[in-house]
Amino acid sequence: MRRRFACVSYEFLILLAVWFVAAFPFVRLIQGLHPPLSSALMQVYLLLVTGIYFHLFWRRGQTLAMKTWGIRIESARGGPPSSGQTWLRYLLSCLNLVLLGVGWWSALFSPDRQFLQDRLAGTRLSRHIP
(Lines give C-alpha, C1' and ligand atoms only; values in the text may rest on other atoms or scores of the structure.)
Protein backbone atom coordinates (compact mmCIF):
# COMPACT_ATOMS: atom_id res chain seq x y z
CA MET A 1 0.00 0.00 0.00
CA ARG A 2 2.85 2.39 0.80
CA ARG A 3 4.23 1.76 -2.69
CA ARG A 4 0.99 2.98 -4.26
CA PHE A 5 0.87 6.15 -2.18
CA ALA A 6 4.53 6.85 -2.99
CA CYS A 7 3.65 6.40 -6.65
CA VAL A 8 0.77 8.89 -6.34
CA SER A 9 3.13 11.42 -4.75
CA TYR A 10 5.66 10.99 -7.55
CA GLU A 11 2.87 11.18 -10.14
CA PHE A 12 1.82 14.52 -8.70
CA LEU A 13 5.33 15.93 -9.20
CA ILE A 14 5.32 14.75 -12.82
CA LEU A 15 1.88 16.28 -13.33
CA LEU A 16 3.12 19.63 -12.03
CA ALA A 17 5.69 19.65 -14.85
CA VAL A 18 3.08 18.57 -17.43
CA TRP A 19 0.69 21.29 -16.25
CA PHE A 20 3.41 23.94 -16.41
CA VAL A 21 4.37 23.04 -19.98
CA ALA A 22 0.75 22.69 -21.10
CA ALA A 23 -0.37 25.94 -19.44
CA PHE A 24 2.32 28.09 -21.00
CA PRO A 25 0.78 28.38 -24.50
CA PHE A 26 -2.79 28.33 -23.18
CA VAL A 27 -2.20 31.37 -20.99
CA ARG A 28 -1.37 33.36 -24.13
CA LEU A 29 -4.67 32.29 -25.70
CA ILE A 30 -6.86 33.30 -22.76
CA GLN A 31 -4.97 36.49 -21.99
CA GLY A 32 -7.38 39.42 -21.86
CA LEU A 33 -10.46 37.39 -20.95
CA HIS A 34 -12.45 38.18 -17.83
CA PRO A 35 -10.48 36.60 -14.92
CA PRO A 36 -13.21 34.24 -13.63
CA LEU A 37 -13.76 32.96 -17.19
CA SER A 38 -10.06 32.51 -17.88
CA SER A 39 -9.63 30.71 -14.57
CA ALA A 40 -12.49 28.31 -15.36
CA LEU A 41 -11.16 27.68 -18.86
CA MET A 42 -7.70 26.96 -17.47
CA GLN A 43 -9.09 24.46 -14.97
CA VAL A 44 -11.10 22.62 -17.62
CA TYR A 45 -8.09 22.64 -19.96
CA LEU A 46 -5.76 21.19 -17.30
CA LEU A 47 -8.32 18.50 -16.40
CA LEU A 48 -8.43 17.53 -20.07
CA VAL A 49 -4.62 17.56 -20.37
CA THR A 50 -4.39 15.37 -17.26
CA GLY A 51 -6.97 12.96 -18.65
CA ILE A 52 -5.09 12.68 -21.94
CA TYR A 53 -1.81 12.11 -20.07
CA PHE A 54 -3.25 9.27 -17.99
CA HIS A 55 -5.19 7.77 -20.90
CA LEU A 56 -2.10 7.55 -23.12
CA PHE A 57 0.11 6.02 -20.45
CA TRP A 58 -2.51 3.72 -18.88
CA ARG A 59 -3.32 2.26 -22.31
CA ARG A 60 0.32 1.13 -22.40
CA GLY A 61 0.09 -0.15 -18.83
CA GLN A 62 2.25 2.30 -16.88
CA THR A 63 3.01 5.95 -16.31
CA LEU A 64 6.59 6.95 -15.51
CA ALA A 65 5.78 6.98 -11.78
CA MET A 66 4.17 3.54 -12.00
CA LYS A 67 7.20 2.19 -13.85
CA THR A 68 9.51 3.62 -11.18
CA TRP A 69 7.53 2.01 -8.35
CA GLY A 70 6.92 -1.29 -10.13
CA ILE A 71 3.16 -0.91 -10.55
CA ARG A 72 1.20 -1.86 -13.65
CA ILE A 73 -2.43 -1.21 -14.59
CA GLU A 74 -4.29 -3.89 -16.48
CA SER A 75 -7.79 -4.98 -17.30
CA ALA A 76 -9.41 -7.10 -14.60
CA ARG A 77 -9.27 -9.98 -17.12
CA GLY A 78 -5.57 -9.35 -17.81
CA GLY A 79 -4.01 -7.45 -20.68
CA PRO A 80 -4.05 -3.73 -21.33
CA PRO A 81 -7.09 -1.72 -20.30
CA SER A 82 -9.41 -0.44 -23.01
CA SER A 83 -9.83 3.24 -23.80
CA GLY A 84 -13.21 3.18 -22.09
CA GLN A 85 -11.68 1.70 -18.96
CA THR A 86 -8.90 4.29 -18.82
CA TRP A 87 -11.29 7.23 -19.24
CA LEU A 88 -13.75 5.77 -16.72
CA ARG A 89 -10.91 5.20 -14.25
CA TYR A 90 -9.76 8.79 -14.74
CA LEU A 91 -13.25 10.22 -14.15
CA LEU A 92 -13.71 8.02 -11.08
CA SER A 93 -10.28 9.08 -9.81
CA CYS A 94 -11.31 12.73 -10.12
CA LEU A 95 -14.49 11.97 -8.21
CA ASN A 96 -12.35 10.14 -5.65
CA LEU A 97 -10.36 13.34 -5.06
CA VAL A 98 -13.55 15.37 -4.61
CA LEU A 99 -14.74 12.77 -2.06
CA LEU A 100 -11.50 13.12 -0.06
CA GLY A 101 -9.94 9.86 -1.25
CA VAL A 102 -12.75 7.47 -0.31
CA GLY A 103 -11.70 5.19 -3.19
CA TRP A 104 -8.16 4.99 -1.83
CA TRP A 105 -9.26 4.40 1.74
CA SER A 106 -11.55 1.59 0.60
CA ALA A 107 -8.46 -0.36 -0.54
CA LEU A 108 -7.37 -0.65 3.08
CA PHE A 109 -10.48 -2.72 3.82
CA SER A 110 -10.75 -4.82 0.67
CA PRO A 111 -9.14 -8.27 0.51
CA ASP A 112 -7.50 -7.64 -2.88
CA ARG A 113 -6.28 -4.14 -1.87
CA GLN A 114 -7.65 -2.62 -5.07
CA PHE A 115 -8.88 0.97 -5.23
CA LEU A 116 -12.61 1.54 -5.65
CA GLN A 117 -12.08 3.28 -9.00
CA ASP A 118 -10.26 0.18 -10.29
CA ARG A 119 -13.06 -2.15 -9.26
CA LEU A 120 -15.68 0.10 -10.86
CA ALA A 121 -13.66 0.62 -14.07
CA GLY A 122 -12.81 -3.08 -14.46
CA THR A 123 -9.08 -2.55 -14.00
CA ARG A 124 -6.55 -3.59 -11.39
CA LEU A 125 -3.13 -2.55 -10.23
CA SER A 126 -0.50 -5.24 -10.01
CA ARG A 127 3.09 -5.36 -8.92
CA HIS A 128 5.38 -5.38 -11.91
CA ILE A 129 9.05 -6.08 -11.57
CA PRO A 130 10.87 -5.84 -14.94
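Residues numbered from 1 in each chain as written. Predicted model: local features only at pLDDT ≥ 70, side-chain atom pairs only at ≥ 80, totals over all residues. Heavy atoms only, no water.

1. Focus on the environment of histidine 55
Moving on, step 1. In this fold, histidine 55 is placed in helix 2 (residues 35-60).
Moving on, step 2. Here the alpha-carbon distance between histidine 55 and glycine 70, two residues 15 residues apart in the chain, equals 19 Å.
Moving on, step 3. What histidine 55 contacts, discounting residues up to four positions off in sequence, is Ser83, Thr86 and Trp87.
Moving on, step 4. Of note is the side chain of histidine 55, whose polar atom sits 3.3 Å from the side chain of tryptophan 87. (Helix = DSSP H or I, 4+ residues; strand = E, 2+ residues; numbered from the N terminus. Contact = heavy atoms within 4.5 Å. Polar contact = N/O pair within 3.5 Å; in protein donor to acceptor, adjacent residues only side chain to side chain.)

2. Some words on the packing of aromatic side chains
Moving on, step 1. Counting across every chain of the model gives ten aromatic pairs.
Moving on, step 2. Ring plane angle 80° and centroid distance 6.0 Å describe the contact between phenylalanine 12 and tryptophan 19, whose orientation is recorded as edge-to-face.
Moving on, step 3. On the accessibility criterion, phenylalanine 12 (43% relative accessible area) is partly exposed.
Moving on, step 4. Considering the side-chain rings of tyrosine 53 and phenylalanine 54, the 5.0 Å spacing of their centres and the 70° angle between planes classify their relative orientation as edge-to-face.
Moving on, step 5. Looking at phenylalanine 54, the relative accessible area reads 11%, which means it is buried. (Phe/Tyr/Trp six-rings, centres within 6.5 Å; stacked < 30°, edge-to-face > 60°. Buried < 20%, exposed > 50% of the residue type's maximum accessible area, 1.4 Å probe, protein only.)

3. Describing the layout of surface pockets
Moving on, step 1. Estimated volume of the largest pocket: approximately 570 Å³.
Moving on, step 2. Taken together, the elements giving at least two residues each to the lining of the largest pocket come down to helix 1 (2-30), helix 2 and helix 4 (83-98).
Moving on, step 3. Looking at the lining of the largest pocket residue by residue, the class counts come to 18 nonpolar, four polar and three charged. (1 Å grid on protein atoms, 1.4 Å probe; cavity = no way out; pocket = protein on both sides within 12 Å on 5 of 7 lines; lining within 4 Å. Points joined across faces, edges and corners; volume = space filled by probe spheres on them. Nonpolar A, V, L, I, M, F, W, Y, C, P; charged D, E, K, R; others polar.)

4. As for helix 4
Think of an α-helix as 3.6 residues a turn; residues three or four steps apart then line up on the same face.
Moving on, step 1. Counted at 1.5 Å a residue, the expected span for helix 4 with its 16 residues is 22 Å, and the 23 Å between its end C-alpha atoms agrees.
Moving on, step 2. Those residues of helix 4 lying buried are Gln85, Thr86, Arg89, Tyr90, Leu92, Ser93 and Asn96.
Moving on, step 3. A positive backbone phi angle near 60° is found at leucine 100, which sits one or two residues after helix 4. (Expected span 1.5 Å × (residues − 1).)

5. Quick notes on the environment of tryptophan 87
Moving on, step 1. Of note, tryptophan 87 is situated in helix 4.
Moving on, step 2. Remark: the alpha-carbon pair of tryptophan 87 and glycine 61, spanning 26 residues in sequence, is separated by 14 Å.

6. Considering the nonpolar core
Moving on, step 1. Counting residues in each nonpolar core, the largest one holds 14 residues, and the members touching the most others are Phe54, Trp58, Met66 and Leu125.
Moving on, step 2. Those elements that provide at least two residues to this core are helix 1, helix 2, helix 3 (64-68) and strand 1 (71-75).
Moving on, step 3. Once residues lying within four places of it in the same chain are set aside, the contact partners of methionine 66 are Cys7, Glu11, Trp58, Gly61, Ile71, Arg72, Ile73 and Leu125.
Moving on, step 4. One finds Ala23, Phe26, Met42 and Leu46 within the second-largest nonpolar core, a separate group that totals five residues. (Core = buried A, V, L, I, M, F, W, Y, C linked by side-chain atoms within 4.5 Å.)

7. Here's the deal with the packing of helix 2 against helix 4
Moving on, step 1. Across the interface, helix 2 lies against helix 4 with an axial gap of 9 Å and an inter-helix angle of 135°. Considered as vectors, helix 2 and helix 4 are oriented oblique to each other. Of the two elements, helix 2 crosses helix 4, and the hand of that crossing is right-handed. In this structure, helix 2 uses Leu47, Thr50, Gly51, Ile52, Phe54, His55, Trp58 and Arg59 to contact helix 4, whose residues at the interface are Ser83, Thr86, Trp87, Arg89, Tyr90, Ser93 and Cys94.
Moving on, step 2. For the contact of helix 2 with helix 4, the class distribution of residues is seven nonpolar, six polar and two charged. (Axes fitted to C-alpha atoms, helices over the stretch in contact; angles between N-to-C directions. Parallel < 35°, antiparallel > 145°, perpendicular 65-115°, else oblique. Left-handed = near helix turned anticlockwise from the far one by under 90°.)

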